[in-house]
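Chains, contacts and geometry: an overview
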Amino acid sequence: TKLSEYRYLLMVFSKGTGYGIRALAYLARQSEGRTYGIGEIAASERIPSEYLRKLLSELRRHRLVSSAKGIHGGYMLARPAQSITLWEVFSLLDQDPYLDECIICGSRDEERSCPICREWKHISDSLIDLLKCQTIADFASYVPNRQKEV
């Protein structure tokens, strides 16, 4: 099922990438035209506030979210959730977005000598293809035990 695929993807992502995707999914599930504060997002998604602040700053710099200052300030998606792919977020926030380093031997060499290298290349290529066709909107609709704000 899609839900089990998303759970698997979160295991592959760095913690920061997973937090970034969860924060964007939270914003995608909320009412449009309203901003949401770091505290609100952090509490709902169980993300450390200071870490979330840094992630949202990076996502804002890349124009995935916009922000407003002041007492009613906060964050909102800068684009429709359907137009933000998981690959876009992953490639911004992960240290090795192309997953081209073998998870066992650390090789990036085309002449892969480790028995895992050949298989890892196929797995990483498939994962990248999946990330490129899935969006924040897709992910937001499959997060369990969450309800859209009324």
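Just above, that's the structure.
Bear in mind the structure is a predicted one, so any value in this text is a computation, not a measurement.

**Some thoughts on unusual backbone geometry**
- Here Arg-46, not a glycine, exhibits a phi torsion of approximately 55°, which is positive.
- For Arg-46, the position within the fold is in the loop between α3 (38–45) and α4 (49–61).
- Even without being glycine, Arg-63 reaches a positive phi, approximately 60°.
- Structurally, Arg-63 is set in the loop between α4 and β1 (65–68).

**As for the nonpolar core**
- Ranked by internal contacts, the top residues of the largest apolar core, which has 34 residues, are Leu-24, Leu-27, Ile-41, Leu-52, Leu-56, Val-89 and Ile-136.
- Breaking this core down by element, the ones donating at least two residues are α2 (15–29), α3, α4, β2 (74–77), α5 (86–93), α6 (115–133) and α7 (136–141).
- Looking at this core, the element that brings in the most residues is α2, giving 7 residues.
- Excluding residues within four positions of it along the chain, Ile-136 makes contact with Ile-21, Leu-24, Ala-25, Ala-28, Ala-81, Ile-84, Leu-86 and Val-89.

**Considering the pairing of β2**
- Two strands pair when backbone bridges link them, and β1 and β2 are joined in this way by 4 bridges, in the antiparallel orientation. The residue of β2 that forms the bridge with Ala-68 is Gly-74.
- The antiparallel pairing of β1 with β2 creates a hairpin that spans 5 residues between the two strands, and Gly-70 there sits at a positive phi of about 105°.

**Side note on α4**
- The end-to-end C-alpha distance of α4, which contains 13 residues, comes to 18 Å, matching closely the 18 Å that a straight helix rising 1.5 Å per residue would cover.
- Residues of α4 that are buried include every one of Leu-52, Leu-55, Leu-56 and Leu-59, and no others. Taken end-on, α4 shows its buried residues confined to a sector of 100°, consistent with a single buried face. Looking at α4, the residues exposed on the side facing more than 90 degrees away from the buried face are Lys-54 and Arg-61.
- Tucked into the core, α4 has its buried residues touching α2, α3, β1, β2 and α5.
- Looking one or two places after α4, you find Arg-63, whose phi comes out positive at around 60°.

Parameters at a glance
Residues numbered from 1 in each chain as written. Predicted model: local features only at pLDDT ≥ 70, side-chain atom pairs only at ≥ 80, totals over all residues. Heavy atoms only, no water. Helix = DSSP H or I, 4+ residues; strand = E, 2+ residues; numbered from the N terminus. Core = buried A, V, L, I, M, F, W, Y, C linked by side-chain atoms within 4.5 Å. Buried < 20%, exposed > 50% of the residue type's maximum accessible area, 1.4 Å probe, protein only. Contact = heavy atoms within 4.5 Å. Pairing = 2+ DSSP bridges. Expected span 1.5 Å × (residues − 1). Arc of directions from axis to C-beta.

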